[in-house]
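Coordinates in review
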Amino acid sequence: MPNITEHNHSYSNYDSVTFQHLHLALVVDFEKKILKGKATISIDNHSGTHFLILDSKNLEVSKIILDGKQEAAFSFSKTIDTATQNYMGQALVIEIEKNTKQVEINYETSPEAEALMWLSAEQTAGKKYPFLFTQSEAILARTWVPCMDAPAVRFTYSADIQCDKQFLPVMSAENNFERNKKSIYHFEMKQPIPSYLLALAVGNIEFKSLGDNCGVFAEPEMLEKSAYEFADLSKMVAGASALYGQYAWGRYDILVLPPSFPFGGMENPKLTFATPTIIAGDRSLVSLVAHELAHSWSGNLVTNHTWDDFWLNEGFTVYFEERIMEKLYGKPYADMLSELGLGELKITMEDFMKTIPGDTKLKLNLKGRNPDDGMSDIAYVKGCMFLRMMENEVGRANWDNFLNQYFNHFKLKTVTTEQFIAFLKANLLVKYPKLNINYDEWIYEVGLPKNCPQINSEKLKRVGAMAIEFNLLKDFKSIDTANFTTHEWLWLLRNLNADSIEIKMADIDSKYHLSESTNAEIQCDWYILCIKNNYEKAFPFIENYLMHIGRRKFLKPLYENLSKSESGLAFGKTIFAQAENSYHAVSRNTIREILKLN
Ligand code: BES
Ligand code: ZN
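This write-up is about the structure you can find in this document. (Residues numbered from 1 in each chain as written. Chains lettered and ligands numbered in written order. Predicted model: local features only at pLDDT ≥ 70, side-chain atom pairs only at ≥ 80, totals over all residues. Heavy atoms only, no water.)

Let us now look at the overall build of the protein chain. Summing up its helical and strand segments, the protein chain has 17 helices and 21 strands in all. In terms of overall dimensions, the protein chain is globule-like: its C-alpha atoms have a radius of gyration of 24 Å, near the 25 Å expected for 598 residues. In terms of overall dimensions, the protein chain has a C-alpha envelope of 80 × 65 × 50 Å along the principal axes. For the protein chain, with 598 residues in total, the buried portion stands at 60%. (Helix = DSSP H or I, 4+ residues; strand = E, 2+ residues; numbered from the N terminus. Rg over C-alpha atoms; globule rule 2.2 N^0.38 Å. Buried < 20%, exposed > 50% of the residue type's maximum accessible area, 1.4 Å probe, protein only.)

What follows covers the pattern of salt bridges. Under the counting rule described, the total for this entry stands at 27 salt bridges. Residues Asp232 and Lys235 are paired through a salt bridge, measuring 3.4 Å at the closest nitrogen-oxygen approach. Relative accessible area serves as the criterion here: at 53%, Lys235 is assigned to the exposed category. For Glu322, the salt bridge identified is with Arg388, shortest N-O distance 2.8 Å. Note that Glu322 is positioned in helix α4 (residues 310-329) and Arg388 in helix α6 (residues 377-394), a separation of 66 residues in sequence. Each member of the pair, Glu322 as well as Arg388, carries the same accessibility label: buried. Within the structure, one salt-bridge network assembled from shared partners comprises Asp55, Arg142 and Asp149. (Salt bridge = Lys/Arg side-chain N within 4 Å of Asp/Glu carboxyl O.)

Our focus in this paragraph is the nonpolar core. Phe386 and Phe420 are the most contacted members of the largest nonpolar core, which totals 215 residues. Those residues in contact with Phe420 that lie beyond four places of it in its chain are Trp311, Leu312, Phe316, Phe386, Met390, Phe402, Tyr406 and Val415. (Core = buried A, V, L, I, M, F, W, Y, C linked by side-chain atoms within 4.5 Å. Contact = heavy atoms within 4.5 Å.)

This brings us to the coordination of the zinc ion (ligand 2). Donor atoms from the polypeptide that coordinate the zinc ion (ligand 2) comprise His291 (NE2), His295 (NE2), Glu314 (OE) and Glu314 (OE), at 1.9 to 2.8 Å from the metal. In this structure, the zinc ion (ligand 2) is surrounded by 6 donor atoms whose angles at the metal cover 52 to 158 degrees, and the resulting shape is irregular. Motif for the zinc ion (ligand 2), donor spacing along one chain: H-x3-H-x18-E. Of this pair, His291 sits in helix α3 (residues 287-294) while Glu314 is found in helix α4, placing the two residues 23 residues apart along the sequence. Grouping residues by exposure puts His291 and Glu314 together as buried. (Donors = N, O, S within 2.8 Å, 3.2 Å for Na, K, Ca; no water. Tetrahedral: all angles 85-135°; square planar, octahedral: opposite > 155°, others 65-115°.)

What follows is about the packing of helix α2 (residues 233-244) against α4. Interhelical geometry of α2 versus α4 gives an angle of 115 degrees and a closest axis separation of 9 Å. α2 and α4 meet at a crossing whose hand is right-handed. Within the contact between the two elements, α2 uses Lys235, Met236, Gly239, Ala240, Ala242, Leu243 and Tyr244 and α4 uses Tyr319, Phe320, Arg323, Ile324, Met325, Lys327, Leu328 and Tyr329. (Axes fitted to C-alpha atoms, helices over the stretch in contact; angles between N-to-C directions. Left-handed = near helix turned anticlockwise from the far one by under 90°.)

The next subject is the packing of aromatic side chains. Within this structure, the stated rule accounts for 45 aromatic pairs. Judged by centre distance (6.2 Å) and plane angle (70 degrees), the ring pair of Trp526 and Tyr535 falls under edge-to-face. Over the face of the ring belonging to Tyr228 we find Arg283, whose NZ or CZ atom lies 3.8 Å from the ring centre. (Phe/Tyr/Trp six-rings, centres within 6.5 Å; stacked < 30°, edge-to-face > 60°. Lys NZ or Arg CZ within 6 Å of the ring centre and 35° of its normal.)

Okay, the side chain of Glu339 next. You can see Glu339 is positioned in helix α5 (residues 331-355). No salt bridge is formed by the buried Glu339. Its closest oppositely charged neighbour is Lys346, at 6.9 Å. Of the polar contacts made by the side chain of Glu339, one reaches the backbone nitrogen of Ser457; its length is 2.9 Å. Those residues in contact with Glu339 that lie beyond four places of it in its chain are Ile455, Asn456, Ser457, Leu460 and Trp491. (Lys, Arg positive; Asp, Glu negative; His and termini not counted. Polar contact = N/O pair within 3.5 Å; in protein donor to acceptor, adjacent residues only side chain to side chain.)

For the rest of this paragraph, the subject is the site of ligand 1. In the neighbourhood of ligand 1, 16 residues make up the surrounding shell, with Glu137, Gly264, Glu267, Glu292 and Tyr380 lying closest. Contacts to ligand 1 include Glu292, whose side-chain N or O atom sits 2.8 Å from an oxygen atom. At 3.0 Å from a nitrogen atom of ligand 1 is found a side-chain nitrogen or oxygen belonging to Glu314. For ligand 1, whose accessible area on its own is 530 Å², the fraction buried by protein is 89%. For the shell around ligand 1, the secondary-structure elements that each account for two or more residues are β18 (265-266), α3 and α4. In terms of residue count, the dominant contributor to the shell around ligand 1 is α3 (3 residues). Split into classes, the residues belonging to the shell around ligand 1 amount to 6 nonpolar, 5 polar and 5 charged. (Near = heavy atom within 4 Å. Areas by Shrake-Rupley, 256 points an atom, 1.4 Å probe, with all protein chains shown as cover. Nonpolar A, V, L, I, M, F, W, Y, C, P; charged D, E, K, R; others polar.)

Structure below.
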């Protein structure tokens, strides 16, 4: 047996064997809720080792064949405490020869695979056909594909996916836009990607083009609404390319998923996966698309080497997202988004400084922890603010030159925080010997450095003043919210004084009908206020929301606020018991912790 070590949340021996190409041949079985077939892996055993070690979690392997002829011995080993580090799964150890080139793994997934979400027909927009989607980031790819599940490993892939004829499968690869008679679909991803970008969805999916190079996939019931919302898609791709270099992935399409998708969006290459909660009907939430599109550079082209370097993916992406929004919709609009983000960061920062101060560093230490823990406003917004601070110091033109150089230098590679610092010093800071930039403080120290840029959105300032006035008044007096955008609403709700608003809740609701809003962002912030003030009229609406939406960003604060009171906790638990099955494992686990059900 080889010595199996865990490095960077992976057991795989990527230092000894190069994982070059993956071919998947899978049948989608909606009855059994499994994927079944073969993963054929092309390797270069440059070290001449006798073992190929892959990551896996709950995969059932029946047979492994080397170079198309000889059966290989294999075993699963658990090498760390599986009670506390259950997320790691099992090392799949395969005995190979010095000159083995191809390893064919015959396997099936488990119905509990965390990356796979099997939706019943009732959980879809059309209510007629079931639906499957995957979510591989951070380390869930191993629950549906045996692979080297570390962002440091890149490989090309292809796939043949077989399903019943009512379905269309789509992947993070060159896609098919229509159904075919055989119901076997071929996919190619010719650029090397890390495993966390492997993605598949299968459902009653249709496509609508939104330009030469982009379009949207969705259930037919959602297709027109989605196309309306994403009308600016091709302008976004052009705008992003004008900023940081040609779009590298050919097409850019979006798949709109059913509401149980646990994230806002996922940057699966060529095909962003998105929550339907951004289809607000007024195009007000499309910055999420700018974000996922920006990942086509930061993340997908230049990838964080380990999950400790996650801020290199997300911080750069939030910065880039804001630049895209500014380019398309102007600075006042972008400032408004940015100030909202900074407001969220300040709350998270205060909270973390009291509980887990170490997690306020940009460079994380996630050893022994689930990399999911790194997904907070720190990587996203503190990361972005650090980059904005540097932009302010050297000027936009010089900063953009540097970023272009960075994306070009590291394209299709990974980068560590330390490599980034070295590159920053060598290519930018040397030109400014008099500037004394505190990058070490930003990256390796806790808290928010004093030179964090301020954002002054004029629009939000106006709303902030309205909130102050409203807070001071004893009785309800209506606020002039005509022409309010989603973001102005959010700023208003976040600036109302939750402790003194109780008697005004009913008046606010009857004037603005917030309980009945269909904008998921506004609903979330309003419902938080309702819970804090025990405003009972809203509770059926909250229940309905929690029953139908699976996006963790919304579920989390609502359940957290509910669990602050005994009756709220009971209410939360009752809803959770009914809703649990419609939540993705990622959301379900977070809520279980909040409700102390573990
Ligand atoms: N890559 C992330 C989603 C992710 C991160 C999934 C870590 C699993 C682990 C994606 O790009 C993202 O950041 N989504 C955000 C939206 C964004 C506009 C901030 C989300 O889902 O809320
Ligand atoms: Zn992101």
